[in-house]
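So the chains spell out like this:
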Amino acid sequence: MGARLSEAENIAFPSITRGQSQIATARLMLSLPGIAMSFYLKRRRAVCLFKKELMARGLSSREAEEIAGAYPFKMGDMLEMLRSGGGN
């Protein structure tokens, strides 16, 4: 069995060894590019659909583009939130 975690880590994750923690971290690091690409593509699709819906409701292409540009959670916003610790 691997080395136990520190006391603070042990409180949060009582049955996880250091080796298991490192494996979980490695899995997360390997899956992050796929998660980021999926987020980017899904957001892009949602913005495009939103813009088309605005134009179908009678807005000009220019107006729809401007409003769709304000669609929430750009990739840069998400990365900034992660860097800052998730808003904590």
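Conventions we followed
- Residues numbered from 1 in each chain as written.
- Predicted model: local features only at pLDDT ≥ 70, side-chain atom pairs only at ≥ 80, totals over all residues.
- Heavy atoms only, no water.
- Axes fitted to C-alpha atoms, helices over the stretch in contact; angles between N-to-C directions.
- Helix = DSSP H or I, 4+ residues; strand = E, 2+ residues; numbered from the N terminus.
- Parallel < 35°, antiparallel > 145°, perpendicular 65-115°, else oblique.
- Left-handed = near helix turned anticlockwise from the far one by under 90°.
- Contact = heavy atoms within 4.5 Å.
- Nonpolar A, V, L, I, M, F, W, Y, C, P; charged D, E, K, R; others polar.
- pLDDT = per-residue confidence, 0-100.
- Salt bridge = Lys/Arg side-chain N within 4 Å of Asp/Glu carboxyl O.
- Phe/Tyr/Trp six-rings, centres within 6.5 Å; stacked < 30°, edge-to-face > 60°.
- Buried < 20%, exposed > 50% of the residue type's maximum accessible area, 1.4 Å probe, protein only.

1. Structural notes on the packing of helix α2 (residues 18–56) against helix α3 (residues 61–68)
The angle between the axes and the distance between the axes are what describe a pair of packed helices.
And step 1. At a minimum axis distance of 9 Å, the contact between α2 and α3 shows a crossing angle of 140°. By the angle between their directions, the pair α2 and α3 is classed as oblique. In this structure, the crossing between α2 and α3 has a hand that is right-handed. Each of Val47, Phe50, Lys51, Leu54 and Met55 in α2 lies in contact with α3, whose residues at this interface are Ser61, Ala64, Glu65, Ile67 and Ala68.
And step 2. Its residues assigned to classes, the contact of α2 with α3 comprises 7 nonpolar, 1 polar and 2 charged.

2. A word on the confidence of the model for the protein
Any segment with low pLDDT has predicted coordinates that should not be analysed in fine detail.
And step 1. Residue-level pLDDT values for the protein average 79, and 78% of them are 70 or greater.
And step 2. Taken element by element, the protein is modelled with least confidence in helix α1 (residues 7–12), mean pLDDT 57, and with most confidence in α3, mean pLDDT 92.

3. Structural notes on the pattern of salt bridges
And step 1. For the coordinates displayed, the defined rule picks out 3 salt bridges.
And step 2. For the salt bridge of Lys51 with Glu65, the shortest nitrogen-to-oxygen distance reads 2.8 Å. Of the two residues, Lys51 is situated in helix α2 and Glu65 in helix α3; the sequence distance between them amounts to 14 residues.
And step 3. Between Arg57 and Glu53 there is a salt bridge, with its nearest N and O atoms 2.8 Å apart.

4. What to know about the packing of aromatic side chains
Two aromatic rings, taken as a pair, are described by how far apart their centres are and by the angle between their planes.
And step 1. Tallying each qualifying case throughout the model produces 1 aromatic pair.
And step 2. Taking the centre distance of 5.5 Å and the plane angle of 55° together, the rings of Phe50 and Tyr71 count as tilted. Separated by 21 residues along the polypeptide, Phe50 in helix α2 and Tyr71 in the loop between α3 and α4 (75–83) bring together distant segments of the chain.
And step 3. Its relative accessible area of 31% is what places Phe50 among the partly exposed residues.
And step 4. For Tyr71, a relative accessible area of 28% translates into the label partly exposed.

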